[in-house]
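A structural walkthrough
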Amino acid sequence: MRIGVLTAGGDAPGLNAAIRAIGEMAIRDGHEVIGVANGWAGLAAEYAGFALSGESLRGVIGQGGTLLGTARFNLDKPAGGRERVLQAMDEHLDALVAIGGDGTQRISNWLAERGAPVVGVPKTLDNDLMGTDYCIGFDTAISIVTESLDRLYTTAASHHRVMVVETMGRATGWVAALGGLAGGADMIVIPEFPVTMEEIVTHLERRRKAGLAFSIVVVAEGVNLATLGGVEAGDLSSEGVGGVRLATRGVGQFVASQIESRGNFEVRTTVLGHLQRGGSPTAHDRIWATRVGAGAYEAVVAGKFGMIPVVRGDEVVLAPLATVAEGQRKVPREIFDLCALFF
Ligand code: F6P
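What counts, and at which threshold
- Residues numbered from 1 in each chain as written.
- Predicted model: local features only at pLDDT ≥ 70, side-chain atom pairs only at ≥ 80, totals over all residues.
- Heavy atoms only, no water.
- Phe/Tyr/Trp six-rings, centres within 6.5 Å; stacked < 30°, edge-to-face > 60°.
- Helix = DSSP H or I, 4+ residues; strand = E, 2+ residues; numbered from the N terminus.
- Buried < 20%, exposed > 50% of the residue type's maximum accessible area, 1.4 Å probe, protein only.
- Pairing = 2+ DSSP bridges.
- Right-handed = clockwise from strand over helix to strand, strands pointing away.

**Concerning the packing of aromatic side chains**
For the coordinates displayed, the defined rule picks out four aromatic pairs. Pairing Y153 with F214 gives two aromatic rings, centres 5.1 Å apart and planes at 90°, and the pair type is edge-to-face. Of this pair, Y153 sits in helix α6 (residues 138-159) while F214 sits in the loop between α8 (197-209) and β8 (215-220), placing them 61 residues apart in sequence. For F214, a relative accessible area of 16% translates into the label buried. Between F193 and F336, the ring centres sit 4.9 Å apart and the planes meet at 20°, which makes this aromatic pair stacked. With F193 in the loop between β7 (187-189) and α8 and F336 in helix α12 (residues 333-340), this residue pair connects regions lying 143 residues apart in the sequence. For the pair formed by F193 and F336, the shared burial category is buried. Put simply, the rings of F193, F336 and F343 pair up and form one aromatic cluster.

**Let's talk about the pairing of β8**
Among the six residues in β8, six count as buried, and that is most of the element. Judged by which residues are buried, β8 turns out to be covered on both faces: S215, V217 and V219 on one side and I216, V218 and A220 on the other are all buried. Looking at chain direction, strand β6 (residues 162-167) and β8 are connected through six bridges and run parallel. Its bridge partner being in β8, E166 is matched across the sheet by V219. Both β7 and β8 contribute to a ladder of three bridges, which runs parallel. Bridged to M187 within β8 is V217. Crossover connection from β7 via α8 to parallel β8: handedness right-handed.

By themselves, these observations are geometric and do not establish any function.
Here it is, written out as structure tokens:
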């Protein structure tokens, strides 16, 4: 069999571990493995498949990024990209493993509905794919947030300042909430549980009155600015697949300036940005990316197309692609309440 593998959307630490698992298992069983360069672009634009060998997969488990390259490539603008993917698959591949988030898996599902032999792998640093407890990259991201908060804590304490830390998280606040919980955040602001600026400042003033002279406030980049009393800028740049580039909204900076002016605090802002996506994956991401990668390979050889290996509890199980293709998995109330216990 000629098995293609692609990574689409934003990169995430752990992608190479998944590619290695799929590639090494397939090569060992005598299959040909084709790396498709730069996500859907490698099928819909000029065909960009290249053979993967055992040699090219050696040592990659600990490397961040994706050895295949990735892109935020819009298959619908101009129209016809999806059809070109179907055609390229027909010409070049017997099966395709598409590693990506909800946008990628919506495409995978569309292709599978038209009979294409596609299997997905769940990846998003935002951790908000429906139907899976694990997404490649999330554990590394929250480890980076945690380490950052540990470092900011000491300088905040020394200067008696409020530190506002903006994390990634497009529609949901998993990175902010769990990174904030692990890093001992004094307040966490996420899209799922909106707060007003007044509530934030009142909370910080209460802490100051109680003798807690410094605070760390973690804000997810995707929180609603209007709820905080801000105004969305009209001409924000987009990511190429319709999404606004959230970091350009400056939510962290907005919250910081409001805390400063309303509460008379000395405030500094840190936008963690792509530091959360770069570098070496944690052991957890390497292990689970390997497990879901292996699950995808097994689904391919079993002919179980239109499926995606997901994690439920401690197990990898197969779910229909449609399960993860729609909507986002939100941070549940009980997790946020646990975070808030320590504010
Ligand atoms: O979708 C994952 C994500 O990490 C978001 O949290 C973030 O807004 C976005 O990617 C950034 O993407 P880019 O690398 O295109 O700037």
